[in-house]
Amino acid sequence: MEKWSLMAITVLLALTVRWTVSLGSYSGAGKPPMYGDYEAQRHWQEVTYNLPIRQWYFNTSDNNLLYWGLDYPPLTAYHSFLCAYIAKLINPDWIALHTSRGYESQPHKLFMRTTVFVADLLVYIPAVILYCFSLKETSTKKKASICCVALCILLYPGLILIDHGHFQYPLSLGFALWGVLYLSYDWDLLGSVAFCLALNYKQMELYHSLPFFCYLLGKCFKKGLKGKGLVLLTKIAGTVAVSFALCWLPFCTDMEQIMQVLRRLFPIDRGLFEACMFSSPPPHCKLANIWCTLSVLIKIKNVVSPQTQLKLSFAVTFLSLLPTCIKLTVQPSLRGFKFALVSCALSFFLFSFQVHEKSILLVSVPVCLIINEIPFMATWFLLVSTFSMLPLLLKDGLLLAYVVTTLAFLSASVASFSIFEKTSAEDLQLKPFSLSLKGYVSWFKSFPKIVRSLFLLSVTLMGVLSLMSAAVPPPQRLPDLFPVSVSIISCLHFLLFLVYFNVVTLWDSKNSRSQKKIS
């Protein structure tokens, strides 16, 4: 009973923080003509409730795709319809066709915030709790340790600020987390269903698709493709096919419907930076991936054609994640799977096509899952990931919430894991790598001190730049100085983290030992 009492207190604290953040501003509040993501979610409710399914993804007189047209998979549309059905019962004006555009009122804000809160409470938070209970003992006080891990995951500021501040639903990440949880219990079919739901809610879950695929394929190889492995592979393939068929069934009336949905999900003709087409300042100024950072020096859009951009980003992304995927397939383990989720998602974020600044959450949630294994580096990454979204958060008026939630998360991590005491090569999972360099690198003896100094320098830099972005007007000749600085500094951090996570994954000897359980 004690562990459940501690967990209940943890969840109550997390819910209180979420609700407090939700009382503030949201994306695009009072900013016509496009408003923001809040209006996009409301508009999708308007469209899905008032129009037949065959018109949801098509440009018509009643559905102007240039005004927040649906560009997510069917499960998002179904969820919008469900919310719209409830909204209709409360106040039909909220989703009235055409006349509800840009609708803003306190009752409607309460309704919309509540829908996010409920989604969090029903999908994401239960997955986090059960995941934490599934972890092995991480300290001499298991009950306290489990609750500490849960507290740090649930207090991660990036997800709170985007979901309950900016405005977004946590369902795709929640479904993906359920998939990880099911796979940790060897419930491979349920894990496949959960990830299919995640992918059919948001196509950005493709960031996690290769680790899921490689891990399950590796398990089938280990069991033998002439025996149990072939049976498992057949079951998984059938489960995935049925899951997708059920999600897409209403759109399978003709091929044009399917193709139109796919065109909306993957608008490759729009270019490398289109994901933030309605943002201000220009998207390249506030996105911490490699292409946007390089565009500060080289105007990629003016030099390279859209098709070449697509091929280049695909090639670099594929090559950057290939080593991790090969190792996960050859040596499948749950630990390797979780680290692969991080490194592959980070590769997608840094190098892939049409990335949004919020996509860093697809990296951050898997990092949360390994915070008990590498608390120092996980905490550092999660702080940087939140910082990388600073221009978006400032635009939404979330400065105070950003500062408070970031300090709360850092305090929780320091108190829970004593992160400054866990900076040795062994604590950072770098001992196998350091042994391979024995005789070549002498500074590993002072490694903990170097890492702590870099962390403090990084946090100080992020703090100063956050303060300047909020309080200091930029030079007239360089109006985007602070957003560009945030994106470049964050990108450099992420590149170093990508190297780190790949080193940990590729040199990890624990994977080969833990795969015996799979065999």
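Residues numbered from 1 in each chain as written. Predicted model: local features only at pLDDT ≥ 70, side-chain atom pairs only at ≥ 80, totals over all residues. Heavy atoms only, no water.

## Here we look at the overall build of the protein chain
Within the protein chain, the secondary structure is distributed over 22 helices and zero strands. Its C-alpha atoms give the protein chain a radius of gyration of 23 Å, near enough to 24 Å, the size a compact globule of 519 residues would have. The C-alpha extent of the protein chain, read off along each of the three principal axes, is 70 × 65 × 60 Å. Considering the protein chain as a whole, with its 519 residues, one finds that 55% of them fall into the buried category. Accessible surface, the protein chain: about 22,500 Å² in total, of which carbon and sulfur atoms supply 69%. (Helix = DSSP H or I, 4+ residues; strand = E, 2+ residues; numbered from the N terminus. Rg over C-alpha atoms; globule rule 2.2 N^0.38 Å. Buried < 20%, exposed > 50% of the residue type's maximum accessible area, 1.4 Å probe, protein only. Areas by Shrake-Rupley, 256 points an atom, 1.4 Å probe, with all protein chains shown as cover.)

## Comments concerning the pattern of salt bridges
When charged atoms on two side chains of opposite charge get close, those side chains can pair. For the coordinates displayed, the defined rule picks out ten salt bridges. Residue Lys219 pairs with Asp188 through a salt bridge whose shortest N-O separation is 3.0 Å. Here the residue Lys219 occupies a position in helix α9 (residues 209–248), and Asp188 occupies one in helix α8 (residues 188–199), the gap between them amounting to 31 residues. A residue is classified by how much of its surface remains accessible, and Asp188, at 6% relative accessible area, is buried. Among the ionic pairs, Asp508 bridges to Arg335, the shortest N-O distance being 2.4 Å. Taken as a pair, Asp508 in the loop between α21 (481–506) and α22 (510–518) and Arg335 in helix α14 (residues 334–351) lie far apart in primary sequence, 173 residues in all. Of the two residues examined, Asp508 and Arg335, each falls in the buried class. When salt bridges that share partners are traced, they join Arg335, Lys338, Glu373 and Asp508 into one network. (Salt bridge = Lys/Arg side-chain N within 4 Å of Asp/Glu carboxyl O.)

## Digging into the confidence of the model for the protein chain
Averaged over all residues, the pLDDT of the protein chain equals 89, while 91% of them reach at least 70. Note on residues 137–143: pLDDT under 50 across the span, and eight contacts to partners over four residues away in sequence or across chains. Throughout residues 275–285 the model reports pLDDT below 50, and contacts reaching past four residues in sequence, or to other chains, amount to 28 contacts. (pLDDT = per-residue confidence, 0-100. Contact = heavy atoms within 4.5 Å.)

## Side note on unusual backbone geometry
Across the junction of Pro32 and Pro33, the peptide omega takes the value 5 degrees, indicating a cis bond. Relative to the helices and strands, Pro33 is located in the loop between α1 (2–22) and α2 (37–50). Here the phi dihedral of Asp186 falls at roughly 65 degrees; this positive angle occurs in a residue that is not glycine. Inspection of the secondary structure assignment puts Asp186 in the loop between α7 (171–184) and α8. Despite not being glycine, Ser418 shows a phi value in the positive range, around 50 degrees.

## Looking at the packing of aromatic side chains
In this structure the tally under the stated criterion is 33 aromatic pairs. Relative to Phe81, the ring of Tyr49 has its centre 6.0 Å away and its plane inclined at 25 degrees; by these criteria the two rings are stacked. Linking Tyr49 in helix α2 with Phe81 in helix α3 (residues 74–90), this pair joins segments that are 32 residues apart in sequence. Tyr49 sits in the partly exposed class, given a relative accessible area of 26%. A centroid spacing of 5.2 Å and a plane angle of 25 degrees characterise the contact between Tyr185 and Trp187, whose relative ring orientation is stacked. Taken together, the ring pairs in this structure connect Phe349, Phe376, Trp380, Phe381, Phe420, Phe455, Phe494, Phe497, Tyr500 and Phe501 into an aromatic cluster. (Phe/Tyr/Trp six-rings, centres within 6.5 Å; stacked < 30°, edge-to-face > 60°.)

## Here's the deal with the nonpolar core
Membership of the largest hydrophobic core comes to 157 residues, with the highest contact counts inside it found for Phe349, Phe381 and Phe501. Among the elements that make up this core, the one with the highest residue count is helix α4 (residues 106–134) (14 residues). Excluding its chain neighbours within four sequence positions, the residues that come into contact with Phe381 are Leu346, Ile360, Val363, Ser364, Val367, Phe494, Phe497 and Phe501. (Core = buried A, V, L, I, M, F, W, Y, C linked by side-chain atoms within 4.5 Å.)

## Comments concerning the environment of Ser458
Relative to the helices and strands, Ser458 is located in helix α20 (residues 447–471). Taking the C-alpha atoms as reference, Ser458 lies 39 Å from Asp186; in sequence the two are 272 residues apart. For Ser458, the contacting residues outside a window of four places in its chain are Trp380, Val384 and His493.

## Notes on helix α6 (residues 157–167)
Of all eleven residues in α6, eleven are buried; the element is thus mostly enclosed. Every buried residue belonging to α6 is among Pro157, Gly158, Leu159, Ile160, Leu161, Ile162, Asp163, His164, Gly165, His166 and Phe167, and all of these are buried.

## A short note on the environment of Leu322
Here Leu322 is to be found in helix α13 (residues 306–330). Judged by its relative accessible area of 29%, Leu322 falls in the partly exposed class. With 131 residues separating them along the chain, Leu322 and Gly191 place their C-alpha atoms 23 Å apart.

## Quick word on the environment of Leu51
Tracing the chain through its elements places Leu51 in the loop between α2 and α3. You can call Leu51 buried: its relative accessible area is 7%. Residues Leu51 and Asn63 lie twelve residues apart in sequence; the distance between their C-alpha atoms is 8.4 Å.

## A look at the side chain of Arg113
When you line up the elements, Arg113 lands in helix α4. With near-sequence residues (within four places) excluded, Arg113 lies in contact with Ser22, Gly24, Ser25, Tyr26, Asp163, His164, Gly165 and Phe167.

## Here we look at the packing of α9 against α14
Closest axis-to-axis distance for the α9/α14 pair is 8 Å, and the angle between their directions is 155 degrees. Relative to α14, the element α9 lies roughly antiparallel. As α9 packs across α14, the resulting crossing turns out to be right-handed. Mapping the contact onto sequence places Pro211, Phe212 and Tyr215 in α9 and Leu334, Phe337, Ala340, Leu341 and Cys344 in α14. (Axes fitted to C-alpha atoms, helices over the stretch in contact; angles between N-to-C directions. Parallel < 35°, antiparallel > 145°, perpendicular 65-115°, else oblique. Left-handed = near helix turned anticlockwise from the far one by under 90°.)

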